[in-house]
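Notes for the structure review
Below, each chain spelled out in residue letters.
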Amino acid sequence: MGFSANCVPPHAWLANPEQRATEVHYNGIHLCWQRGKDTITQFSGHLIEQFADVADGFIVWYADPGLCICEQCVPYTPVMLDIKQTYEAIAGDRAQVHHCPWWIWHFEDGTHEPLPVTPNIRRDFLSSLPAGDWVPLYDQDPKSIDIARELVLEVLSFAFFLDPEGGNEAHNVLPRTRFGRIEEAVTGARERDLGLLAYRLTPYTQMAQDWLFFRRQLYPGISREQALEQLARFIGVGEQLVEALNLLDQWWEGRGIEALRSAAEIIRPMVAERPEYMTHLAAALEVLLMLAEVGSVNGWQVTDELVAKVQEYMEQTSTFTAFTHEQLWDMARARPFIRQRLEWWMGVLAAEMGGR
Ligand SMILES: [Zn+2]
């Protein structure tokens, strides 16, 4: 069970203005560890107490989300070490606590404004972990990986190749297959004797990717076709799903709009068969098709007609209710809200498809 080192519910953040973190990236959900430790551990401590006997273990995230860069949190090494010791003490011998310092290179290398530089934080933190412990580290941070291995830690590759956030939510909402990239990453990790870890914000629109990601890791010899056939059987729809997913993947790889239309045609009737699995995938695919139909002929531009069409579609589909409900009571607000998102999503398509 994972949690951010210093996350609190919004009401705790609102009630304790003097304890609020000086945050980077995420605002309104974190307190400063140095000033708000007692408030923070009311919640995180409760989490550990509730689940210590049944969870496999806990994993604490340090920074992004949750970083505080106030004066009392510089240098960050003693803060991280105190966080670590505090949670290990709460868990006691009931459960293991692991640590995810995947941002640690930013502190040491000064690669992310406005983070202050903390010399030697990699070694100072990693050497506090017991030999044999596992630690997720960023895939593109070879220095941390080398130090961890020297300290006889098991490195998990914390690879962001699925790019779940990436500056906008298009990477999550649009059903983006990336089958080839997943297979490449899994094969590459195996060659380097690494495991891969990923997380996902919108599982229903990305389930085929997740399925392939995990199947390929569990069963190295399995082919893409076999993995997708297993998915179709698991869901309980026909093997036409494999064809639809392959068409979708081919569209992302540059095959024309007809492939995307065909994928949508195959998937649409499957919603009635297995709504619990297919509803959200089908809805996301419809929005992608609307974007692609317009974008592929006008140079990936959002038009007023497209905004209206998508907004009308979203109003009628359960998938986007939470996404839009606060705005849709007022058409004057709904359209600009949706337009902004469509511009982001179209930007992703333009970057991906524009050169083709
Ligand atoms: Zn602080």
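Residues numbered from 1 in each chain as written. Predicted model: local features only at pLDDT ≥ 70, side-chain atom pairs only at ≥ 80, totals over all residues. Heavy atoms only, no water.

Running from N to C, helix H12 (residues 257–267) and helix H14 (residues 275–298) cross one another at 155 degrees; their axes reach a closest spacing of 10 Å. Between H12 and H14, the interaxial angle falls into the category roughly antiparallel. The handedness of the crossing between H12 and H14 is left-handed. Contacts between H12 and H14 involve Ile257, Leu260, Arg261, Ala263, Ala264 and Ile267 from the former and Met278, Leu281, Ala282, Leu285, Leu288, Leu289, Ala292, Glu293 and Ser296 from the latter. Residues that form the contact of H12 with H14 fall into these classes: 12 nonpolar, one polar and two charged. (Axes fitted to C-alpha atoms, helices over the stretch in contact; angles between N-to-C directions. Helix = DSSP H or I, 4+ residues; strand = E, 2+ residues; numbered from the N terminus. Parallel < 35°, antiparallel > 145°, perpendicular 65-115°, else oblique. Left-handed = near helix turned anticlockwise from the far one by under 90°. Contact = heavy atoms within 4.5 Å. Nonpolar A, V, L, I, M, F, W, Y, C, P; charged D, E, K, R; others polar.)

On to the sheet that holds strand S5 (residues 154–158). If you trace the three strands from one edge of the open sheet to the other, you get S4-S5-S6, paired in parallel fashion. Here the strands that pair on one side only, and so sit at the sheet edges, are strand S4 (134–138) and strand S6 (195–196). Of the strand pairs in this sheet, S5 and S6 are connected by two bridges, and their pairing is parallel. Bridge pairing in S6 links Leu156 to Gly195. (Pairing = 2+ DSSP bridges.)

With five of five residues buried, strand S2 (residues 57–61) lies mostly within the body of the structure. Where burial is concerned, the two faces of S2 agree: the one with Gly57, Ile59 and Trp61 and the one with Phe58 and Val60 are both buried. Summarising the sheet, strand S1 (residues 2–4) and S2 pair through three bridges and their orientation is parallel. In the sheet register, Ser4 faces S2, and the bridge partner there is Trp61. As defined by bridge partners, S2 adjoins strand S3 (residues 96–100) across five bridges and the pair is classed as parallel. (Buried < 20%, exposed > 50% of the residue type's maximum accessible area, 1.4 Å probe, protein only.)

The coordination sphere of the zinc ion, as far as protein atoms go, consists of Cys32 (SG), Cys68 (SG), Cys70 (SG) and Cys73 (SG), spread over 2.2 to 2.4 Å. The sequence pattern describing where the donors of the zinc ion fall on their chain is C-x35-C-x1-C-x2-C. Per residue, the accessibility class of Cys70 equals that of Cys73, and both read buried. (Donors = N, O, S within 2.8 Å, 3.2 Å for Na, K, Ca; no water.)

Take the sheet that holds S2 next. Taken in spatial order, the three strands make up an open sheet running S1-S2-S3, and their pairing is parallel. Only two strands of the sheet have a single neighbouring strand rather than two, namely S1 and S3. Put simply, the sheet's adjacent strands are angled 25 degrees from each other on average, direction ignored. Seen against the sheet, helix H3 (residues 77–91) touches S1, S2 and S3 and runs at an angle of roughly 160 degrees to S3.

Before going further, it helps to examine the environment of Thr22. Its place among the elements puts Thr22 in the loop between helix H1 (10–15) and helix H2 (33–51). Note: C-alpha distance between Thr22 and Cys32 (10 residues apart in sequence) is 7.1 Å. Those residues in contact with Thr22 that lie beyond four places of it in its chain are Arg35, Leu67, Cys68, Ile69 and Cys70.

This part is about the packing of aromatic side chains. Enumeration according to the criterion identifies 14 aromatic pairs in this entry. Judged by centre distance (5.2 Å) and plane angle (40 degrees), the ring pair of Trp211 and Phe234 falls under tilted. Note that Trp211 is positioned in helix H9 (residues 207–218) and Phe234 in helix H10 (residues 224–235), a separation of 23 residues in sequence. With centroids separated by 5.8 Å and ring planes inclined at 65 degrees, the aromatic side chains of Phe234 and Tyr277 adopt a geometry described as edge-to-face. (Phe/Tyr/Trp six-rings, centres within 6.5 Å; stacked < 30°, edge-to-face > 60°.)

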